[in-house]
Amino acid sequence: MSSVMSHKMAAGNCGDGPRALIGPSILNADLADLAAESNRLLDAGADYLHLDVMDGHFVPNLTIGHPVIKCLRRRVPAAFFDMHMMVERPERWVQPMADAGADQYTFHVEAAGDVAAMVRHVREAGMRVGVALKPGTAVDVVTPWVDRVDMVLVMTVEPGFGGQSFMADMMAKVRYLRENFKDLDIEVDGGVGPVNIDACADAGANMIVSGTALVTSSDPAQAMMTMRTSVTRGLDAFKKV
Ligand SMILES: O=C(CO)[C@@H](O)[C@H](O)COP(=O)(O)O
Ligand SMILES: [Fe+2]
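Read on for a plain summary of the structure. In this text, all values refer to a predicted model and were calculated from it rather than measured experimentally.

Quick notes on the overall build of the protein
Point 1. Of regular secondary structure, the protein possesses eight helices and eight strands.
Point 2. Relative to a compact globule of 241 residues, whose C-alpha radius of gyration would be 18 Å, the protein shows 16 Å and is just as compact.
Point 3. Viewed in the frame of its principal axes, the protein has a C-alpha envelope of about 45 × 40 × 35 Å.
Point 4. Per-residue burial for the protein yields a buried fraction of 56% across its 241 residues.
Point 5. Residue pairs in contact within the protein that sit at least 24 positions apart in sequence constitute 67% of those at least 6 positions apart.
Point 6. Carbon and sulfur atoms provide 54% of the accessible area of the protein, an area that totals close to 9,800 Å².

What follows is the structure in structure tokens.
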């Protein structure tokens, strides 16, 4: 049975520090069967769903928007929807995504003109706030905002496509964030799977997005258990520091 967070429940932190959470990305799933694919991964133990929104401008790809999320919410009533907004002008879609049933709204710091205004806007819409950084963006670009957001997403691929190779050198950013913000939800996204989860766990990530590795796995339940165990070990090690 999945430990799926209830809709609207705070994702990672329930007072005893960040929790190990696995959130499949459905980008490389059969999008013609999005609800069935989402429920399959949730039934296999996913803690939340990572939904990649691309506008063809911020990244050279196009995916889904709030009308699809609204329909998906009717078919997937209880899951936590983590919206990864790879879009220009992210302020434009905050209210439509909240109205569609999104729980967390992660915008890219590279796309946000006024980060403070974006944070306020997302909170006023009733969603958790995530801020994402591309591989080429230094982690200190987001540190001024860490105390105002719920989560930082460290991209481990260049955003735009699933199935790319994991960029292990991004773990330095994750480690810096965990060492300096012990209760922060830190998400990694891009090329992550059981083969490289130990690197993510050792660096202190606690919210794990995995797309291709889970969608194509013959045993996604085992893959998610493997990753959750590794991340829990990593978090315990940081607690001892
Ligand atoms: O945001 C993105 C890509 O831009 C990610 O969410 C990927 O879609 C994750 O898929 P894999 O890299 O794990 O296949
Ligand atoms: Fe993503």
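Details of the coordination of the iron ion (ligand 2)
Point 1. Here the iron ion (ligand 2) is held by the protein donor atoms H50 (NE2), D52 (OD), H84 (ND1) and D189 (OD), which lie 2.1 to 2.2 Å from it.
Point 2. Read from N- to C-terminus, the donor residues coordinating the iron ion (ligand 2) fall into the pattern H-x1-D-x31-H-x104-D. With respect to burial, H50 and D52 carry one shared label: buried.

Side note on the pattern of salt bridges
Point 1. A full pass over the atoms with the stated rule returns 11 salt bridges.
Point 2. D47 is the salt-bridge partner of R228, the closest N and O atoms lying 2.9 Å from each other. Taken together, the positions of R228 in helix α8 (residues 220-240) and D47 in the loop between α1 (34-43) and β2 (49-54) put the pair 181 residues apart, joining distant regions of the chain.
Point 3. The class of D47 is buried, set by a relative accessible area of 0%.
Point 4. The salt bridge partner of R233 is D202, with a shortest N-O separation of 3.0 Å. Remark: D202 occurs in helix α6 (residues 197-203) and R233 occurs in helix α8; sequence separation between them is 31 residues.
Point 5. On the basis of relative accessible area, R233 is assigned to the partly exposed category, the value being 40%.
Point 6. Within this structure, D198, D202 and R233 form a network of salt bridges that share partners.

Description of the environment of R175
Point 1. Mapping R175 onto the fold places it in helix α5 (residues 171-180).
Point 2. For R175 and G193, which are 18 residues apart along the polypeptide, the C-alpha to C-alpha distance reads 18 Å.
Point 3. Leaving out residues up to four positions away in the same chain, R175 has contacts with D202, A203 and F238.

Section: α5
Point 1. Within the sequence span of α5, burial applies to M171, K173, V174, L177 and R178. In an axial view of α5, the angular spread of the buried residues amounts to 155°, which keeps them on one side of the axis. Across from the buried face of α5, at angles greater than 90 degrees, the exposed residues are A172 and E179.
Point 2. For α5, the elements touching its buried residues are β5 (128-133), β6 (151-155), β7 (185-189), α6 and α8.

Thoughts on the site of ligand 1
Point 1. Taken together, the neighbourhood of ligand 1 is formed by 19 residues, with G160, D189, G191, G211 and T212 sitting nearest.
Point 2. Backbone polar atom of G191 to an oxygen atom of ligand 1: 2.8 Å apart, as the coordinates give it.
Point 3. Notes on ligand 1: free accessible area 380 Å², of which the protein chains cover 99%.
Point 4. At the level of elements, β2 and β3 (81-86) are the ones that each hand at least two residues to the shell around ligand 1.
Point 5. Counting residues per element, the shell around ligand 1 draws most heavily on β2, which supplies three residues.
Point 6. For the shell around ligand 1, the residue count by class is six nonpolar, 11 polar and two charged.

Reading the values: rules and limits
- Residues numbered from 1 in each chain as written.
- Chains lettered and ligands numbered in written order.
- Predicted model: local features only at pLDDT ≥ 70, side-chain atom pairs only at ≥ 80, totals over all residues.
- Heavy atoms only, no water.
- Helix = DSSP H or I, 4+ residues; strand = E, 2+ residues; numbered from the N terminus.
- Rg over C-alpha atoms; globule rule 2.2 N^0.38 Å.
- Buried < 20%, exposed > 50% of the residue type's maximum accessible area, 1.4 Å probe, protein only.
- Contact = heavy atoms within 4.5 Å.
- Areas by Shrake-Rupley, 256 points an atom, 1.4 Å probe, with all protein chains shown as cover.
- Donors = N, O, S within 2.8 Å, 3.2 Å for Na, K, Ca; no water.
- Salt bridge = Lys/Arg side-chain N within 4 Å of Asp/Glu carboxyl O.
- Arc of directions from axis to C-beta.
- Near = heavy atom within 4 Å.
- Polar contact = N/O pair within 3.5 Å; in protein donor to acceptor, adjacent residues only side chain to side chain.
- Nonpolar A, V, L, I, M, F, W, Y, C, P; charged D, E, K, R; others polar.

No statement about biological role is implied by the geometric values presented.
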